Amino acid sequence: MKNIKQTIKVAFVLFVLSISTKAAAQTLQVGDIIFHKSQSQQAAAITEASGSQWTHVGILVANAGKWYVAEAIGPVKATPLQDFINRGKNKEYKIYRFKHFNPKTMTTALHNAIKRQNKPYDIYFEMSDERTYCSELVYKAMLEVTGKEVGTVQQFKDLRLDGPYVKALIKKRLTDTGRELDPEEEIITPVSQMRETDLTLVKQYIKARK
């Protein structure tokens, strides 16, 4: 009987440890990458061009025990995590972890890299050093810190550019201001980053569909 009780006790401890390990894996970390479905005016064009409703992305940072999202939505700013989530369609989000980022040794470097990307928002979605947009911030900050790319850099010609929302955005931001779209200009999209094989999903909320 004593051996049976001991076996049950050990099994229970192992069960609790397994639950704790799984829970720990779900804990947020600095450097985690969060996506949501933006409801901004340009989101429809981004969805049309990229084929995905996941149109905005940022990086988790912490301050005084609270979570924020470093995001490029003008100048780069730190938005409270819940505010970031609330802005997305149906408050849906996905949080991924980049396997090459170590928060124990790279947090300071990440903060510095984010600060270096604090530039005016790039309404032209160019991979320039003068302005930045959301997925460009994530791409350049992580590349600087880890030496690894998050997502695949494409060219504009790789995207769908013939949809009505995209055409309207190109006309407003380029044609009407005397600029032309360069089909070979490089671009990094949020959905390209979400498909990065070195990312692991750690937390998400997807509204149940009826």
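Placed above this text is the structure.
Being a predicted model, the structure only gives us computed values, none of them experimental.

Caption draft 1: Representation of the pairing of strand β4 (residues 76-80) within the structure. Of the pairings in the sheet, the one linking strand β3 (residues 66-72) to β4 comprises 5 bridges and is antiparallel in character. The residue of β4 that forms the bridge with A70 is A78. Two successive antiparallel strands, β3 and β4, enclose a turn made up of 3 residues, where G74 displays a positive phi of approximately 155 degrees.

Caption draft 2: Summary view of the packing of aromatic side chains. Applying the stated criterion across every chain, the model contains 2 aromatic pairs. On the numbers, 5.7 Å between centres and 90 degrees between planes, the contact of F35 with Y96 is edge-to-face. Separated by 61 residues along the polypeptide, F35 in strand β1 (residues 33-36) and Y96 in strand β5 (residues 93-98) bring together distant segments of the chain. The exposure class of Y96 is buried, given its relative accessible area of 10%. Ring geometry for F125 versus Y133: centroids 5.4 Å apart, planes at 85 degrees, classification edge-to-face.

Caption draft 3: View of the sheet that holds β5. Taken together, the 6 strands give an open sheet; going across it, the order is β4-β3-β2-β1-β5-β8, and neighbouring strands pair in antiparallel fashion. Across the chains shown, the open sheet's two edge strands, defined by having one partner strand only, are β4 and β8 (199-205). Taken pair by pair, the neighbouring strands of this sheet meet at an average axis angle of 35 degrees, ignoring direction. With 4 bridges joining them, β1 and β5 adopt antiparallel strand pairing. Each residue of the ladder has a partner; that of F35, found in β5, is K94.

Caption draft 4: Here's a closer look at unusual backbone geometry. The backbone phi angle of N90 is positive, close to 60 degrees, even though this residue is not glycine. Phi angles above zero are rare outside glycine, and F125 is one such case at about 55 degrees. Within the secondary structure layout, F125 lies in the loop between α4 (103-116) and α5 (134-146). According to the relative accessible area criterion, F125 is buried, its value standing at 12%.

Caption draft 5: Spatial organisation of the pairing of β5. Burial within β5 is extensive, with 6 of its 6 residues counted as buried. Residue alternation in β5 divides its side chains into two sets, Y93, I95 and R97 and K94, Y96 and F98, and both sets are buried. As defined by bridge partners, β5 adjoins β8 across 6 bridges and the pair is classed as antiparallel. What sits directly across from K94, in β8, is Q204.

Conventions and cut-offs
Residues numbered from 1 in each chain as written. Predicted model: local features only at pLDDT ≥ 70, side-chain atom pairs only at ≥ 80, totals over all residues. Heavy atoms only, no water. Pairing = 2+ DSSP bridges. Helix = DSSP H or I, 4+ residues; strand = E, 2+ residues; numbered from the N terminus. Phe/Tyr/Trp six-rings, centres within 6.5 Å; stacked < 30°, edge-to-face > 60°. Buried < 20%, exposed > 50% of the residue type's maximum accessible area, 1.4 Å probe, protein only. Axes fitted to C-alpha atoms, helices over the stretch in contact; angles between N-to-C directions.

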